[in-house]
Amino acid sequence: MAERVLIVDDDPVVRRMLQLSFESEGFDVVTAGDGIEGLGSMRSGKPDAVILDIMMPKLDGLKVLHELNIDDELRGLPVILLSAKATSLDVELGLKAGASDYVTKPCDPIDLVERVRSALAKTG
């Protein structure tokens, strides 16, 4: 069975580009347009990994990550933060918040696929 990746990003172009990249690599892909929708998707059909934007309306990525860390069912889920916030402090804060990895936008979709595979191998 294909591994399921949830892509949470408020930019529909980014979501679609990543969806196509992951599907072409054999992943089952679910998408969400904001943090609240993303949390709902995580709770209703737990994905194997999450790609999570930080700057989103309704609930930002760091708050979503906090919610995951206090949820017994979702804690430990590999989360890769994907953000335009690219300072070393941003990266440090994201990793300290519990992200498995941090990728800055714009990103190479194939590199992101490889990072997800690496995160899945560590939890596998």
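Let me begin by describing the structure that accompanies this report. Given the structure is predicted, the values throughout are model-derived calculations rather than measurements. (Residues numbered from 1 in each chain as written. Predicted model: local features only at pLDDT ≥ 70, side-chain atom pairs only at ≥ 80, totals over all residues. Heavy atoms only, no water.)

A separate point is the packing of aromatic side chains. Per the counting criterion, the structure on display carries 1 aromatic pair. Ring centres 5.3 Å apart and planes at 75 degrees place the aromatic pair Phe 22 and Phe 27 in the edge-to-face group. For the pair Phe 22 and Phe 27, a shared accessibility class is recorded, and that class is buried. (Phe/Tyr/Trp six-rings, centres within 6.5 Å; stacked < 30°, edge-to-face > 60°. Buried < 20%, exposed > 50% of the residue type's maximum accessible area, 1.4 Å probe, protein only.)

Attention shifts here to helix α1 (residues 12-24). Within an α-helix, residues lying three or four positions from one another point in the same direction, as the helix has 3.6 residues per turn. Taking 1.5 Å of rise per residue, the 13 residues of α1 would be expected to cover 18 Å, and the 18 Å separating its terminal C-alpha atoms lies within 8% of that figure. Within α1 the residues assigned to the buried category are Val 14, Arg 15, Leu 18, Gln 19, Ser 21 and Phe 22. The arc enclosing the buried residues of α1, seen along the axis, measures out at 165 degrees, which places them on a common side. Counted as exposed and oriented over 90 degrees from the buried face of α1: Pro 12, Val 13 and Ser 24. Of the surrounding elements, those touching the buried residues of α1 are β1 (4-8), β2 (28-32), β3 (49-53), β4 (79-83) and α5 (109-123). Among the residues of α1, the N-terminal cap falls to Asp 11, whose side-chain oxygen and the backbone nitrogen of Val 13 are separated by 2.8 Å. (Helix = DSSP H or I, 4+ residues; strand = E, 2+ residues; numbered from the N terminus. Expected span 1.5 Å × (residues − 1). Arc of directions from axis to C-beta. Contact = heavy atoms within 4.5 Å. Polar contact = N/O pair within 3.5 Å; in protein donor to acceptor, adjacent residues only side chain to side chain.)

Time to look at the sheet that holds β2. The strand order β2-β1-β3-β4-β5 describes an open sheet built from 5 strands, whose pairing is parallel. Edge positions in the sheet fall to β2 and β5 (101-104), since each of these pairs with one other strand and no more. The mean inter-strand angle of the sheet, taken between neighbouring strand axes irrespective of direction, is 20 degrees. For β1 and β2, the ladder comprises 5 bridges, and the chain directions are parallel. Along β2, the bridge assignment pairs Val 5 with Val 29. Lying on the sheet, α1 is in contact with β1, β2, β3 and β4; it crosses β2 at an angle near 170 degrees. (Pairing = 2+ DSSP bridges. Axes fitted to C-alpha atoms, helices over the stretch in contact; angles between N-to-C directions.)

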